[in-house]
Amino acid sequence: MNNRNGVNMNYFNLIIHPVQFFKQLITKEKISLLIPAFILILIGILSGLIAGNAVSTINMGIAEDQMSMIKGITIGTGIFSGIIGLVLTVVIKAGIFNFILNKMGGAGKFKTAVYVVSLAYFPKIFQSILNLIFQHPINLTTTYKFDWVAFLGSIFSIFNIWQIFITIIGLSVVYGLSYKKTAIPVIGMEILSAGFTLGTSLVAANSMASLSNTSIK
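Quick summary incoming for the structure in this document. (Residues numbered from 1 in each chain as written. Predicted model: local features only at pLDDT ≥ 70, side-chain atom pairs only at ≥ 80, totals over all residues. Heavy atoms only, no water.)

## Observations concerning the overall build of the chain
Heads up, the rule is: In this text, helices come from DSSP runs of H or I with a minimum length of four residues, and strands from runs of E with a minimum of two, each type numbered from the N-terminal end. For this analysis, residues touch if any pair of their heavy atoms sits within 4.5 Å.
Each helix and strand counted, the chain has nine helices and zero strands in total. Secondary structure of the chain in N-to-C order comes out as α-α-α-α-α-α-α-α-α. Contacts in the chain between residues at least 24 apart in sequence constitute 72% of all its contacts with a sequence separation of at least 6.

## So, the nonpolar core
Basically, it comes down to this: Among buried residues, those of type Ala, Val, Leu, Ile, Met, Phe, Trp, Tyr and Cys that are joined through side-chain atoms within 4.5 Å constitute a nonpolar core. Buried, partly exposed and exposed residues are distinguished by accessible area as a fraction of the type maximum, computed with a 1.4 Å probe on protein chains only: under 20%, between the cut-offs, and over 50%, respectively.
Counting residues in each nonpolar core, the largest one holds 36 residues, and the members touching the most others are Phe-22, Tyr-121 and Leu-171. The set of elements that each furnish at least two residues to this core consists of α2 (18-25), α3 (34-56), α4 (64-103), α5 (110-119), α8 (158-175) and α9 (179-216). At eight residues, the largest contribution of residues to this core is made by α8. Each residue touching Tyr-121, except ones within four places of it in the same chain, is listed here: Ile-39, Leu-40, Ile-43, Leu-86, Thr-89, Val-90, Lys-93 and Gln-163.

## With respect to empty space enclosed by the protein
Selection criterion: Think of a 1 Å grid over just the protein atoms. A cavity is a set of points where a 1.4 Å probe fits yet cannot get out, a pocket is an open set with protein on both sides within 12 Å along at least five of seven lines, and lining residues have an atom within 4 Å of a point. Grid points are joined across faces, edges and corners, and a volume is the space filled by probe spheres set on the points.
Overall, the coordinates contain one cavity of 30 Å³ or more when judged by the stated rule. Taken as a whole, the largest cavity encloses approximately 60 Å³ of empty space. Around the largest cavity, the lining residues are Lys-93, Phe-97, Val-117, Gln-163, Ile-164, Thr-167, Val-186 and Glu-190. The element contributing the most residues to the lining of the largest cavity is α8, with three residues.

## Quick word on the environment of Ile-41
Tracing the backbone shows Ile-41 in helix α3. Here Ile-41 falls in the partly exposed class, since its relative accessible area comes to 39%. Distance in space between the C-alpha atoms of Ile-41 and Ile-84 is 9.1 Å, their sequence separation being 43 residues.

## Some thoughts on the packing of aromatic side chains
Which entries qualify depends on this criterion: Aromatic rings from Phe, Tyr and Trp, taking only the six-membered ring of Trp, are treated as a pair when their centres fall within 6.5 Å; an angle between ring planes under 30 degrees marks them as stacked, one over 60 as edge-to-face, and anything in between as tilted.
One pass over the full model with this rule turns up five aromatic pairs. Arranged with centres 5.3 Å apart and planes meeting at 55 degrees, the rings of Tyr-11 and Phe-21 form a pair that is tilted. Here the residue Tyr-11 occupies a position in the segment before α1 (13-16), and Phe-21 occupies one in helix α2, the gap between them amounting to ten residues. Pairwise contacts between aromatic rings join Tyr-11, Phe-21 and Phe-22 into one cluster.

## A few points about the pattern of salt bridges
Put simply, the rule is: Salt bridges are counted wherever a side-chain nitrogen of Lys or Arg sits within 4 Å of a carboxyl oxygen of Asp or Glu.
Within this structure, the stated rule accounts for one salt bridge. Put simply, Lys-93 and Glu-190 hold a salt bridge, and the shortest N to O gap is 3.4 Å. You can see Lys-93 sitting in helix α4 and its partner Glu-190 sitting in helix α9, a full 97 residues away along the chain. Both residues of the pair, Lys-93 and Glu-190, count as buried.

## Description of the packing of α3 against α5
This is how it is decided: Axis lines are fitted to C-alpha atoms, over the contacting stretch for helices. Their N-to-C directions set the angle, which ranges from 0 to 180 degrees. Each angle is binned into one of four classes, with values under 35 degrees roughly parallel, values over 145 roughly antiparallel, values of 65 to 115 roughly perpendicular, and all other values oblique. Rotating anticlockwise by less than a right angle from the far helix to the near helix defines a left-handed crossing, while the corresponding clockwise rotation defines a right-handed one. When residues are sorted by character, Ala, Val, Leu, Ile, Met, Phe, Trp, Tyr, Cys and Pro go into the nonpolar class, Asp, Glu, Lys and Arg into the charged class, and all the rest, Gly among them, into the polar class.
Closest axis-to-axis distance for the α3/α5 pair is 9 Å, and the angle between their directions is 40 degrees. Relative to α5, the element α3 lies oblique. Crossing of α3 over α5 shows left-handed handedness. Counted together, Ile-35, Pro-36, Ile-39 and Leu-40 of α3 and Tyr-115, Ser-118 and Leu-119 of α5 form the full contact between these two elements. Here the residues of the contact of α3 with α5 are counted per class, giving six nonpolar, one polar and no charged.

## What about the layout of surface pockets?
Estimated volume of the second largest pocket: approximately 210 Å³. Taken together, Leu-25, Ile-26, Lys-28, Glu-29, Lys-30, Ile-31, Ala-107, Gly-108, Lys-109, Lys-111, Thr-112 and Val-174 make up the full set of residues lining the second largest pocket.

## As for α5
Taking burial as the measure, the ten residues of α5 include eight buried ones, the bulk of the element. The set of residues buried in α5 consists of Thr-112, Ala-113, Val-114, Tyr-115, Val-116, Val-117, Ser-118 and Leu-119.

## With respect to α2
Definition in use: The arc in question is the one traced by the directions running from the helix axis out to the C-beta atoms.
Those residues of α2 not exposed but buried are Pro-18, Phe-21, Phe-22 and Leu-25. Seen end-on, α2 carries its buried residues on one side only, within an arc spanning 90 degrees. Buried residues belonging to α2 abut α1, α5 and α8.

## Some remarks on a nonpolar patch on the surface
So the rule is basically this: The residues that make up patches have over 30% relative accessible area and no salt bridge, and they are joined within 9 Å when like-charged or within 5 Å when they are Val, Leu, Ile, Met, Phe, Trp or Tyr. With residues, only the protein chains shown are counted as cover, and all accessible areas are computed by Shrake-Rupley using a 1.4 Å probe.
Residues Phe-80, Ile-84, Leu-88, Ile-92 and Ile-96 make up a contiguous nonpolar surface patch of roughly 490 Å² in combined accessible area. Tracing the chain through its elements places Ile-96 in helix α4. Look at Ile-96 and you get partly exposed, because its relative accessible area is 32%.

Listed below in structure tokens is the structure:
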């Protein structure tokens with residue numbers, strides 16, 4: 001992909017040589033958010049498909065045409081909410097990183113931070129595809145049990161670590177800061193996000209357990 005000053009952006013370098021990729025990025029006159037937007041939209045679509053398949057594995061005892069309708073609604077809702085959620089997450093993260101890194105002595109712009117943060121989500125595409133292919137059926141009798149293995153696996157998965165790795169490299173290069181300085185807000189944000197996810201998941205699991213006990217009585 002070429003821009004006006006003739007810089008060629010080879011997106012394959014994002015995988016094999018991310019430092020070189022982001023060094024090329026800072027030489028561009030203008031940054032297009034088309035590729036990052038495509039990444040977020042694709043992840044949102046895959047999330048919707050995963051949600052639809054999950055619903056179809058639940059035995060609700062209803063007619064096939066009704067189940068197809070429910071699955072379609074779930075997919076549509078999942079895609080919409082997935083895309084909107086990702087965009088909001090990227091904007092919030094980029095805003096926080098831009099503020100902190102500039103305060104730490106870096107020199108970058110909000111749009112560049114949005115580009116880097118959203119582009120770093122590309123490993124999630126591979127994760128979503130694998131989740132879609134190897135999706136497990138939902139067992140309603142165990143939905144109230146919090147799965148620590150799945151939770152820890154999502155945090156320390158190769159895809160999540162890969163995303164963090166790309167984010168740190170990208171922000172470090174474009175803001176002109178060391179990897180150590182850049183890692184502080186990036187990893188800090190991941191810890192806060194994991195803590196929030198853990199808290200909400202535990203609350204949801206406890207609520208489901210209470211409803212299950214109430215229904216049994």
